[in-house]
Amino acid sequence: MTVQLSGPPAPWAHGAERLESQARALLCALDAAEAELSVALVDSAAMAAANQRWRGRRGPTDVLAFSLLEGDHARHRGALLGDVVIAVDIAERQAREAGHSFGEELLRLLIHGVLHLFGYDHAAPAEARIMQQRERELFEAVGP
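Sequence order as written defines the numbering, with residues in each chain counted from 1. With pLDDT at 70 or above as the cut-off, local features in this predicted model cover only qualifying residues; side-chain atom pairs require 80 or more to be listed or tallied, and sums for whole chains, interfaces and linings still use all residues. Think of the side-chain values as coming from all heavy atoms in the structure, minus any hydrogens and water.

A.B. asks: Quick question: what am I supposed to make of unusual backbone geometry here?
C.D. replies: For residues other than glycine, phi is negative in most cases, and the peptide bonds are mostly trans. Of note, the phi angle at Asp-31 is positive, near 55°, even though the residue is not glycine. Numbering of helices and strands starts at the N terminus; helices are DSSP runs of H or I of at least 4 residues and strands are runs of E of at least 2. Relative to the assigned elements, Asp-31 resides in the loop between helix 1 (16–29) and strand 2 (36–42). The buried label applies to any residue whose accessible area, calculated with a 1.4 Å probe on protein chains only, is under 20% of its type's maximum; exposed applies above 50%, and partly exposed to all values in between. On the basis of relative accessibility, which here comes to 75%, the residue Asp-31 falls in the exposed class.

Here it is, written out as structure tokens:
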């Protein structure tokens, strides 16, 4: 299994090393131990640019996922699942607002993004319930 972590921009480096090991544990919990995953930790300006370019939406979001399990080129992906991009400054704010640690918020966003790579969605209420339940299960399995 390979987890490629890029970033984070200073001053958020303190959560990166743990997140990488949690990403490995997450892949094992998803029975994807042979998979490869790319995780990019960026600031909100970089996230806003990605959100505009790839989703046509203005402003930053907390997490984006780019799955290689679907689409025209999926057959060429090898073991690579895709990319998860997390805005660390947004994660820090959300952690403060929720009353939990920055590391916990990073993990929650990682789980959310990885589930999107596997095809989970939350556009419809029924889908959202399924995804939220799976997020809780994975957080308990991998969490702090």
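A.B. asks: Is there a simple way to think about the nonpolar core in this case?
C.D. replies: One broad rule of soluble globular proteins: the nonpolar side chains tend to lie buried together. Among the nonpolar cores identified, the biggest contains 32 residues, and Leu-26, Leu-37, Val-39, Leu-41, Val-84, Ile-86 and Leu-110 are the most heavily contacted of them. Sorting the residues of this core by element identifies strand 1 (2–6), helix 1, strand 2, strand 4 (80–87), helix 3 (88–98), helix 4 (102–117) and helix 5 (125–142) as the ones contributing at least two each. Sorting elements by how many residues they give to this core places helix 4 first, with 9 residues. Counting 8 residues, the second largest nonpolar core, distinct from the first, contains Ala-40, Val-42, Met-47 and Ala-50. Nine residue types can take part in a nonpolar core, namely buried Ala, Val, Leu, Ile, Met, Phe, Trp, Tyr and Cys, and a core is a set of them joined through side-chain atoms within 4.5 Å.

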